[in-house]
Amino acid sequence: PGHNMPLFGLGVAILWLGWIGFNGGSTLGTGGGRFAEVVVVTNLGAAGGVIGASLLVWLLSRKLDVGMAGNGAIAGLVAITAPSGYVEFWAAPIIGLVAGLIAFFL
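What counts and how
- Residues numbered from 1 in each chain as written.
- Predicted model: local features only at pLDDT ≥ 70, side-chain atom pairs only at ≥ 80, totals over all residues.
- Heavy atoms only, no water.
- Helix = DSSP H or I, 4+ residues; strand = E, 2+ residues; numbered from the N terminus.
- Rg over C-alpha atoms; globule rule 2.2 N^0.38 Å.
- Buried < 20%, exposed > 50% of the residue type's maximum accessible area, 1.4 Å probe, protein only.
- Contact = heavy atoms within 4.5 Å.
- Areas by Shrake-Rupley, 256 points an atom, 1.4 Å probe, with all protein chains shown as cover.
- Core = buried A, V, L, I, M, F, W, Y, C linked by side-chain atoms within 4.5 Å.

**Q** Would you mind going over the overall build of the chain with me for this structure?
**A** When you go through the chain residue by residue, the secondary structure sums to four helices and zero strands. Overall, the chain shows an N-to-C arrangement of helices and strands of α-α-α-α. Scaling as 2.2 N^0.38, a compact globule of 106 residues should have a C-alpha radius of gyration of about 13 Å, and the chain matches this with 14 Å. Taken along its principal axes, the extent of the C-alpha atoms in the chain is 45 × 25 × 20 Å. Taking all 106 residues of the chain together, the buried fraction comes to 33%. Within the chain, counting contacts between residues at least 6 apart in sequence, those at least 24 apart form 69% of the total. Of the roughly 6200 Å² of accessible surface on the chain, a fraction of 76% belongs to carbon and sulfur atoms.

**Q** Can you help me understand the nonpolar core in this one?
**A** When a protein is soluble and globular, its nonpolar side chains tend to lie buried together. Counting residues in each nonpolar core, the largest one holds six residues, listed as Ala53, Val57, Met68, Ala75, Ala99 and Ala103. Secondary-structure elements contributing two or more residues to this core are α2 (34-61), α3 (66-81) and α4 (92-105). Excluding anything up to four places from it in sequence, Ala99 contacts Ala75, Gly76 and Ala79.

That's the geometry; what it means functionally is another story.
Following this line, the structure appears as structure tokens:
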């Protein structure tokens, strides 16, 4: 067990990077800082997902789980995709954190 974790980590990194392009590109323009704002919101949502999932795993088992952190990142990305052009910076990690907590139970 665990011998596929480097491949899992690479997959999460590729998805995260691609998600930035998808969300940022969905703004249909780069003027006025919209692209940059969506990129920041996307990253904050994913980071919140990592924190939420990792925190819950830590509280329940007193161990860090790389797999769950990756799942939290993906959950945060999924949760922040639809509102990425509309939420403020402070709300994005909260949305991601809640998604990371939910991902633990799925």
